[in-house]
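Read off the chains here:
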Amino acid sequence: MLHRAEELEYKLIAELLGISIRTVEWHMAQALIRISKSFDADG
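Residues numbered from 1 in each chain as written. Predicted model: local features only at pLDDT ≥ 70, side-chain atom pairs only at ≥ 80, totals over all residues. Heavy atoms only, no water.

Visitor: Give a description of the overall build of the protein chain that names residues and reports values.
Guide: When you go through the protein chain residue by residue, the secondary structure sums to two helices and zero strands. Considering only C-alpha atoms, the protein chain reaches an extent of 40 × 20 × 10 Å along its principal axes. Sorting the 43 residues of the protein chain into buried and exposed places 9% on the buried side. Element-wise, carbon and sulfur atoms account for 57% of the exposed surface of the protein chain, whose accessible area totals about 3800 Å². One way to put it: in the protein chain the 5 positive side-chain charges average out to a point 8 Å from where the 7 negative ones average out. (Helix = DSSP H or I, 4+ residues; strand = E, 2+ residues; numbered from the N terminus. Buried < 20%, exposed > 50% of the residue type's maximum accessible area, 1.4 Å probe, protein only. Areas by Shrake-Rupley, 256 points an atom, 1.4 Å probe, with all protein chains shown as cover. Lys, Arg positive; Asp, Glu negative; His and termini not counted. Charge placed at Lys NZ, Arg CZ, Asp CG, Glu CD.)

Visitor: Which residues make up the pattern of salt bridges, and what values do they have?
Guide: Applying the stated criterion across every chain yields a total of one salt bridge. Across the salt bridge formed by Arg 22 and Glu 25, the nearest N and O atoms sit 3.2 Å from each other. Of this pair, Arg 22 and Glu 25 both sit in helix α2 (residues 21-42), separated by three residues, roughly a single helical turn. Residue Arg 22 is classed as exposed on the basis of its relative accessible area of 62%. (Salt bridge = Lys/Arg side-chain N within 4 Å of Asp/Glu carboxyl O.)

Visitor: Give me unusual backbone geometry: which residues, what numbers.
Guide: Phi angles above zero are rare outside glycine, and Glu 7 is one such case at about 60 degrees. Looking at where Glu 7 falls in the secondary structure, it is placed in the segment before α1 (10-17).

Visitor: Would you mind going over a nonpolar patch on the surface in detail, with residue names and values included?
Guide: There is a patch of nonpolar side chains on the surface, built from Leu 2, Leu 12, Leu 16, Leu 17 and Ile 19 and spanning about 420 Å² of accessible area. Topologically, Leu 2 is positioned in the segment before α1. Leu 2 sits in the partly exposed class, given a relative accessible area of 32%. (Patch = residues over 30% accessible without salt bridge, like charges linked within 9 Å, V, L, I, M, F, W, Y side chains within 5 Å.)

Structure, rendered in structure tokens:
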């Protein structure tokens, strides 16, 4: 949400949450996978 809705860069998200940029990237990838699977399941 911070990236897509608030348009924050991964670097800023990482700083705000106290995590690495790589972790932000991982969470984004996981979220996109879940969204994709949800659309696939809905037909």
